[in-house]
Amino acid sequence: MDADAEIASRVEGRLERLGLSAEEADRQAGLPAGTVAAIVHQSGKLPRGNALRRLAATLDVAEEFILGLEPGDLVPADMLEDPQGELGLLAPDEEALLRHYRRLDVPTRAAVVQLVSRAAGPEPDLEVSKPAGRGRDRKR
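What you see is a predicted model, and the numbers here were worked out from it, not measured in a lab. (Residues numbered from 1 in each chain as written. Predicted model: local features only at pLDDT ≥ 70, side-chain atom pairs only at ≥ 80, totals over all residues. Heavy atoms only, no water.)

J.: Which residues make up the overall build of the protein chain, and what values go with them?
T.: Helix and strand counts for the protein chain come out as eight helices and zero strands. For the protein chain, the α and β elements follow one another from N to C terminus as α-α-α-α-α-α-α-α. Looking at the 140 residues of the protein chain, the share that counts as buried comes to 24%. In the protein chain, the proportion of contacts linking residues at least 24 apart, taken out of those at least 6 apart, comes to 51%. (Helix = DSSP H or I, 4+ residues; strand = E, 2+ residues; numbered from the N terminus. Buried < 20%, exposed > 50% of the residue type's maximum accessible area, 1.4 Å probe, protein only. Contact = heavy atoms within 4.5 Å.)

Okay, structure coming up:
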């Protein structure tokens, strides 16, 4: 979600009220340098997942306030998901697959999981065998 004028105004207002610079807010929230300044200038994307939670904690507000939601409204699920692909945890094709999967409704997700599980076959047995002469087999 791109930062709009209302989000920028709320973030800037909290910075002023707390006496924080954008750079200090970045440091306290553990965000890349320039993130908060980009939000205030409406030139950057709003962080998601844990980064959004850390920013809200730094500004001493709830995520709902930053997003401009009414008290009690639910934060959109996509704003609470951490951007795994940006961390290099997923290959581009895996990231695309996950993005499409997240758009499915719950019954369709369940059907996809069953289909993929059957196509992949049984999971390998990862049980580690014990060396001979140990445990209960050992004679006294």
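Having seen it, we continue.
J.: Go over the environment of Ala 56, please, and point to the residues and values.
T.: Here Ala 56 lies in helix α4 (residues 49-58). Given a relative accessible area of 1%, Ala 56 falls into the buried group. Taking the C-alpha atoms as reference, Ala 56 lies 9.9 Å from Arg 14; in sequence the two are 42 residues apart. Apart from residues no more than four positions distant in its own chain, Ala 56 is found in contact with Val 61, Ala 62, Glu 63 and Ile 66.

J.: Report on the packing of helix α2 (residues 22-29) against α4, specifying residues and quantitative values.
T.: Orientation of α2 relative to α4, taken along the N-to-C sense of each, is 125 degrees, at an axis distance of 9 Å. Here α2 is positioned oblique relative to α4, judged by the angle of their axes. Of the two possible hands of crossing, α2 and α4 adopt the one that is right-handed. Residue-level contacts link Ala 25, Gln 28 and Ala 29 of α2 to Arg 54, Leu 55 and Thr 58 of α4. (Axes fitted to C-alpha atoms, helices over the stretch in contact; angles between N-to-C directions. Parallel < 35°, antiparallel > 145°, perpendicular 65-115°, else oblique. Left-handed = near helix turned anticlockwise from the far one by under 90°.)

J.: Provide a residue-level description of the side chain of Arg 10, including the pertinent values.
T.: By the element assignment, Arg 10 lies in helix α1 (residues 5-18). One buried charged residue, Arg 10, forms no salt bridge at all, with the nearest opposite charge on Glu 6 at 4.0 Å. Engagement of the side chain of Arg 10 in a polar contact is seen with the backbone oxygen of Ile 66, the distance being 3.2 Å. If near-sequence neighbours (up to four positions away) are discounted, Arg 10 is found in contact with Phe 65, Ile 66, Leu 67 and Gly 68. (Lys, Arg positive; Asp, Glu negative; His and termini not counted. Salt bridge = Lys/Arg side-chain N within 4 Å of Asp/Glu carboxyl O. Polar contact = N/O pair within 3.5 Å; in protein donor to acceptor, adjacent residues only side chain to side chain.)

J.: Give me α2: which residues, what numbers.
T.: Listed in full, the buried residues belonging to α2 are Ala 22, Ala 25, Asp 26 and Ala 29. Summarising the axial view, the buried residues of α2 lie within an arc of 105 degrees, below the 170-degree limit, and thus occupy one face. On its buried side, α2 packs onto α1, α3 (35-40) and α4. Backbone geometry just downstream of α2 places Gly 30 in the positive-phi region, at approximately 70 degrees. (Arc of directions from axis to C-beta.)

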